[in-house]
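Listed below, chain by chain, are the residues.
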Amino acid sequence: MPNPLVTNFTVGPAKLYHGVADFLCAELQNGLGEVSHRSKTFTEMSAASITAFREFFQIPDEYHVFYTYSATEGMEILTRSAVDEKVCHVSNGNFGNVWAKTSQKAGKIVQKISNENGTRVELSEIIPAQNTELLAITANETATGIAYSPQEITEIRNTFPEILLGVDVTSSMGAIAYDFSKADGWFFSVQKAFGLPAGLGVLIVSPRLMQKAAARQESGADVGCHHRLTDLEKSMSGKFQTPTTPNVMNIAALGYISRQLQSDFGSLVELHKMTQTKAQLLYDFFADHSKFRPAVATGRSESVIVVDGSEADLADLHQRLKASDIEVGKGYGGKKAVQIRIGNFPVHKMADIENLLQNF
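Residues numbered from 1 in each chain as written. Predicted model: local features only at pLDDT ≥ 70, side-chain atom pairs only at ≥ 80, totals over all residues. Heavy atoms only, no water.

### Some details on the sheet that holds strand β5 (residues 134–138)
Moving on, step 1. What the seven strands build is an open sheet, ordered β2-β8-β7-β6-β5-β3-β4; its pairing is mixed. Both outer strands of the open sheet, β2 (64–68) and β4 (109–113), are each paired with one neighbouring strand and no more. Averaged over all pairs of adjacent strands, the angle between their axes in this sheet comes to 20°, without regard to strand direction.
Moving on, step 2. In this sheet, β5 lies alongside strand β3 (residues 86–90) in parallel orientation, the contact comprising four bridges. In the strand pairing of β5, H89 is matched with A136.
Moving on, step 3. Across the sheet, helix α7 (residues 229–236) is in contact with β2 and β8 (201–205); its angle to β2 comes to roughly 105°. (Pairing = 2+ DSSP bridges. Helix = DSSP H or I, 4+ residues; strand = E, 2+ residues; numbered from the N terminus. Axes fitted to C-alpha atoms, helices over the stretch in contact; angles between N-to-C directions. Contact = heavy atoms within 4.5 Å.)

What follows is the structure, given as structure tokens:
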């Protein structure tokens, strides 16, 4: 079992946000775990969570917010809902690849733009094929630490205004301030920067994408089963419910986190500023280190900091951190032994970052 006394910098499931465990225990003791998802109690709780989430993260009024079970399900819902034939995927690592494979399994014609040498796909390299219906971007690649800033996502939208834009923000939602009006579909799961237990995804959808999904459904196209967008909208509209039994506890916790972040940071802009300040401290430290160095030179994540090192030095580091009750993430896939990944989430205070760096 994880030790709650360990300062957890892994990138997901990440350290729970302050007070989450106590909140969930109290809700269980109050009977929330036995509440029907068709009840008035659930509707009132869900409405309060959605309201708090919308307010803190400044979700446009006309955009829809839906519950899913995971970010991966969000990939499938957007692809099956919005695409008749062609989708363009920009991939900077494994999770961008997962979305591209999801589209292939859904029977779509997939264009994948990626760089074999591991460098970021720059905005000038994003050239969707003719008649592309959905452009799929991973805003923050968990595997590699490559990212697109909110400003760059806006630039992508402005460059291809006629194409639906979908954005995976799983490793940055909760730590970065996005303008949600600049894309048509956004999705994430809550076990990373949100600091919640795994098991809940959130999908944010524009009116334009909803209209495309409805038109495709009316034409008889395959737009999914229980969690197709039209059914999600029918259940959510006025009732704040779901077509299938949801993760009731995490839905309540979504509201708790949204309210807590408001209390702790005041605004999403201030939260993002703190993320940037901590990220800069980390990157500056490793830029001057003799044994460890940032893995990404440009277009690097502010919420997942990836660091290169030798296998021997990193093995020694993990032992040293363990002795100090600190844990960082190992590298992803083939980089497991020669990289570390440091989560820079709202739960991590500046003092936590400074304490971590003292061990290098």
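### Focus: the packing of aromatic side chains
Moving on, step 1. Tallied over the entire structure, the rule returns 16 aromatic pairs.
Moving on, step 2. When the centroid spacing of 5.1 Å and the interplanar angle of 85° are considered together, the rings of F285 and F286 count as edge-to-face.
Moving on, step 3. The class for F285 is partly exposed, based on a relative accessible area of 25%.
Moving on, step 4. Above the ring of Y283, the side-chain terminus of R300 is found at 3.9 Å from the ring centroid. (Phe/Tyr/Trp six-rings, centres within 6.5 Å; stacked < 30°, edge-to-face > 60°. Buried < 20%, exposed > 50% of the residue type's maximum accessible area, 1.4 Å probe, protein only. Lys NZ or Arg CZ within 6 Å of the ring centre and 35° of its normal.)

### Topic: the nonpolar core
Moving on, step 1. In terms of nonpolar packing, the biggest core is built from 83 residues, with F53, F57, L135, F194 and L229 touching the most fellow members.
Moving on, step 2. Looking at this core, the element that brings in the most residues is helix α8 (residues 248–265), giving nine residues.
Moving on, step 3. When sequence neighbours within four positions are dropped, the list of residues in contact with F53 reads Q58, I59, V65, M173, F188, F194, V202, I204, L254 and S258.
Moving on, step 4. Core analysis: the second largest hydrophobic core is formed by 19 residues, A279, F286, L317 and F360 among them. (Core = buried A, V, L, I, M, F, W, Y, C linked by side-chain atoms within 4.5 Å.)

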